Amino acid sequence: LYIGGEIVKSVTVPDSITAIGDFAFYRCNGLEEGVLGKGVNKIGINAFTFCKSLENVYISDSVSEVGGYAFVQCGKLTVKCEASEPSNGWDENWNPSGCPVVWSSK
């Protein structure tokens with residue numbers, strides 16, 4: 001992912017965005033951090049797949065749906081979730097690589 005010719009290392013999704021689309025950040029190898037705003041309620045299928053430099057993603061408790069394989073092959077990733085557990089709308093394979101998850105994270 002590039003903006004103005006520079007590799008984007010951090011993305012903050014504003015509260016006005018309600019969904020992260022399927023494959024939105026697929027293979028964004030320079031991305032190190034993602035912060036999802038309070039307006040985001042859905043993370044699509046394979047949204048962050050193969051983001052090999054991704055270290056932290058912050059997910060607010062507004063996210064009620066996470067698609068399958070959203071976080072695959074993100075070897076450095078720790079997912080920090082404001083919620084205390086996944087909701088029913090989270091696909092059972094949202095994190096098949098077993099990235100560490102910190103629940104009730106602020």
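Just so you know, these numbers come straight off a predicted model, no measurement behind them.

1. Some details on the pairing of strand β7 (residues 56-59)
Then, in step 1: Examined bridge by bridge, strand β5 (residues 33-36) and β7 share three bridges and lie parallel to one another. Residue pairing for β7: G34 is matched across the bridge by V57.
Then, in step 2: Two elements, β7 and strand β9 (residues 78-81), share four bridges in a ladder whose sense is parallel. For I59, the partnering residue across the bridge sits in β9 and is C81.

2. So, the sheet that holds strand β3 (residues 10-13)
Then, in step 1: What the five strands build is an open sheet, ordered β3-β5-β7-β9-β11; its pairing is parallel. For this open sheet the edge positions go to β3 and β11 (101-102), each flanked by a neighbour on one side alone.

3. Remarks on the pattern of salt bridges
Any two side chains of opposite charge can pair, so long as their charged atoms come close to each other.
Then, in step 1: On inspection of all chains with the given rule, the structure shows two salt bridges.
Then, in step 2: Measuring nitrogen to oxygen at the nearest pair gives 3.5 Å for the salt bridge that ties K38 to D61. Note that K38 is positioned in the loop between β5 and β6 (42-43) and D61 in the loop between β7 and β8 (65-66), a separation of 23 residues in sequence.
Then, in step 3: Under the relative-accessibility criterion, D61 is labelled partly exposed at 46%.
Then, in step 4: A salt bridge links K38 to E82; its shortest N-O distance comes to 2.6 Å. Here E82 lies in the loop between β9 and β10 (89-90) and K38 lies in the loop between β5 and β6, a separation of 44 residues in the sequence.
Then, in step 5: You can call E82 buried: its relative accessible area is 18%.
Then, in step 6: One network of salt bridges, with partners in common, ties together K38, D61 and E82.

4. Points about the environment of D15
Then, in step 1: Relative to the helices and strands, D15 resides in the loop between β3 and β4 (19-20).
Then, in step 2: Once the C-alpha coordinates of D15 and C99 are considered, the two residues, 84 residues apart in sequence, prove to be 25 Å apart.
Then, in step 3: Aside from chain neighbours lying at most four places away, what touches D15 is G37, K38 and G39.
Then, in step 4: Of note is the side chain of D15, whose polar atom sits 2.8 Å from the backbone nitrogen of K38.

Cut-offs used in this document
Residues numbered from 1 in each chain as written. Predicted model: local features only at pLDDT ≥ 70, side-chain atom pairs only at ≥ 80, totals over all residues. Heavy atoms only, no water. Pairing = 2+ DSSP bridges. Helix = DSSP H or I, 4+ residues; strand = E, 2+ residues; numbered from the N terminus. Salt bridge = Lys/Arg side-chain N within 4 Å of Asp/Glu carboxyl O. Buried < 20%, exposed > 50% of the residue type's maximum accessible area, 1.4 Å probe, protein only. Contact = heavy atoms within 4.5 Å. Polar contact = N/O pair within 3.5 Å; in protein donor to acceptor, adjacent residues only side chain to side chain.

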